[in-house]
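Working through the structure, step by step
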Amino acid sequence: MTSPQAEWQKHVLGYADAINDYVRTGLADGWDKAGEEPSMPPMQHLLPHWLEALREVNQPGKDEAAHDAFRKAWPPAHAPLADLLDSQGIKSSELLLLDDGSMLLRAGAPYQDGPVLHLQGATCTDIEGIDFIGRCPQRRYFATCNDEGVTVTDGWLGPKVAELAWPTGHEDLPEGMEGEDLEDRPRPTRLIPFPDGQRVLLVSSSGIYVLAAGGARRLWPTAESLEEDGLPVRLDMEHGAISPDGKWIAVGGQDGAHQVFDAQLNMVSSIGPVGEYPHYAAFSGDSQMAIFNACHFYEGATLAVDVKDFPGLDTDFYDDDPRTPTVQEGARVYAAVHRQGEFIVGDAQGYLRAFGPTGRKHWHHFVGSTVMAMDISRDGNTLVVSTCAGFISTIRLDAGKAAPWQIGTGGHRELQRWLFWASFGRPLLW
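Everything in this summary refers to the structure shown in the same document. None of these values were measured; they are calculated from a predicted model.

Counted according to the given criterion, the structure contains 12 aromatic pairs. Relative to Trp430, the ring of Trp50 lies with its centre 5.1 Å away and its plane at 50°, an arrangement referred to as tilted. Placement of Trp50 in helix H3 (residues 47-57) and of Trp430 in the segment after strand E29 (428-429) is noted, with a sequence separation of 380 residues between them. Both residues of the pair, Trp50 and Trp430, count as buried. With 5.3 Å between their ring centres and 25° between their planes, Trp421 and Phe424 make a pair best called stacked. In this pair, the class of Trp421 matches that of Phe424, namely buried. Linked through ring pairs, Trp8, Trp50, Trp74, Trp421, Phe424 and Trp430 together constitute an aromatic cluster. The ring of Phe194 has Arg199 lying over it, and the distance from NZ or CZ to the ring centre is 4.2 Å. Against the face of Phe391 rests Arg417, its NZ or CZ located 4.5 Å from the ring centre.

Now for the nonpolar core. Membership of the largest hydrophobic core comes to 47 residues, with the highest contact counts inside it found for Trp8, Trp50, Ile344, Leu352 and Leu383. Counting residues per element, the ones that place at least two in this core are helix H1 (4-29), H3, strand E21 (333-339), strand E23 (351-355), strand E24 (361-366), strand E25 (371-376), strand E26 (382-387) and strand E27 (391-396). Per-element tally for this core: the top contributor is H1, with 7 residues.

Burial runs high along strand E3 (residues 116-120): 4 of the 5 residues are buried. Here 4 bridges tie strand E2 (residues 103-107) to E3, and the two strands are oriented antiparallel to one another. From the neighbouring strand, Met103 faces E3, where its bridge partner is Leu119. Between the antiparallel neighbours E3 and strand E4 (residues 123-127) lie 2 residues, among them Gly121 with a positive phi of about 60°.

Turning next to the layout of surface pockets. Empty pockets left among the atoms are what a rolling probe the size of a water molecule brings to light. Estimates place the volume of the second largest pocket at around 880 Å³. Looking at the lining of the second largest pocket, the elements that each hand over two or more residues are H1, strand E20 (326-329), E23 and E24. Counting residues per element, the lining of the second largest pocket draws most heavily on H1, which supplies 7 residues. Here the lining of the second largest pocket is composed, by residue class, of 21 nonpolar, 9 polar and 7 charged.

Once that is clear, we can look at the environment of Ala73. Secondary-structure assignment places Ala73 in helix H4 (residues 64-73). When sequence neighbours within four positions are dropped, the list of residues in contact with Ala73 reads Gln5 and Gln9.

Here we have 4 strands laid out as an open sheet, ordered E5-E6-E7-E8, and antiparallel in their pairing. The open sheet terminates on both sides in strands that have one partner only, identified here as strand E5 (132-135) and strand E8 (160-164). Between one strand axis and the next, the sheet turns by 20° as a mean value, whatever way the strands run. Pairing geometry for strand E6 (residues 141-146) and strand E7 (residues 149-154), over 6 bridges, is antiparallel. Across the sheet, Tyr141 pairs through a bridge with Asp154, a residue of E7.

What counts, and at which threshold
- Residues numbered from 1 in each chain as written.
- Predicted model: local features only at pLDDT ≥ 70, side-chain atom pairs only at ≥ 80, totals over all residues.
- Heavy atoms only, no water.
- Phe/Tyr/Trp six-rings, centres within 6.5 Å; stacked < 30°, edge-to-face > 60°.
- Helix = DSSP H or I, 4+ residues; strand = E, 2+ residues; numbered from the N terminus.
- Buried < 20%, exposed > 50% of the residue type's maximum accessible area, 1.4 Å probe, protein only.
- Lys NZ or Arg CZ within 6 Å of the ring centre and 35° of its normal.
- Core = buried A, V, L, I, M, F, W, Y, C linked by side-chain atoms within 4.5 Å.
- Pairing = 2+ DSSP bridges.
- 1 Å grid on protein atoms, 1.4 Å probe; cavity = no way out; pocket = protein on both sides within 12 Å on 5 of 7 lines; lining within 4 Å.
- Points joined across faces, edges and corners; volume = space filled by probe spheres on them.
- Nonpolar A, V, L, I, M, F, W, Y, C, P; charged D, E, K, R; others polar.
- Contact = heavy atoms within 4.5 Å.
- Axes fitted to C-alpha atoms, helices over the stretch in contact; angles between N-to-C directions.

As far as function goes, none of this settles anything; it's purely spatial.
This is the structure we're talking about:
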């Protein structure tokens, strides 16, 4: 009789092999030649055995060799866990990879209370007194916050360089509009220090602001939008990014076009999306290009703009403008990073998708469940990814050969996977 462990291993490896062959055939010869997409055999009966083994290998005293043996015996997979993920998976709204290889994680969606955690090796430590985290695009300055306000430090928990107050809700209102105090201080969706460490971009459902020592400024909604829609502000799909050189700020939300501001907070561009709802923005590492994603249900499309074209750029939804070419189709993007020669985006289907500045596809890699946050090492070789399944994956890019259980077209290798599940009490390593 086949053991539960051997059955798990057989199904996971067999499915990965089959789906990778299916994709290779589809990409090379057309999807009509690929046949029917493979499916994973039923595996629910194996979950109690997998869970028992997972808990056992996470007992105190287990070393790295024990974890390596467990991953080989019970290779990671998403499909067998799908029925559990809605109730078990804990989202994470920010994930930062530190230069020493450890990670900072803000557990929970932005609208939920959740701890900030430090993941180092096989240990997970709570960071007390901090509600949210962020880092500047040049990786030097960090922002933390609590009810008292936002603090910027030079390095993680390094010397303080700025202490900034929360916005009041009265900032940058149309002339004659009577303001309303915010019901509560904003819950950050993103918290991004500027490269000089003196200001912070606050993205929240209560509005998108730039925080500074002299007070906050509201970027979105603009005064013109407030005249039309009034108060209070309730944003959906709010997003923002700062170019690494600090010259440009890209913001947006479900209602309206993508907006770009200069460092003096003047709006310089209004860019019509190639989708129903603006959803995400990111800059290249050299600050020469920005990408803007818009979505419809779980699909989406991404356009690119050279920053030299920002001044005066004003396009409508779905405009066929050579300055705003579509560089990726299909992905509703929740997170993105850039390294030399390529953007890597994470989508709502659990895939990482890499493409070049003109839109040429490079590779894709499956993690499973909606990708929520990503970060990449300074040298571009290590990627960390969090998903709605409660997965926190560390992936060595360009490792040469993927593990046999991995699904994708790149030679990347997952090194470690944390599981943040509601019933665990503490995160466990897979």
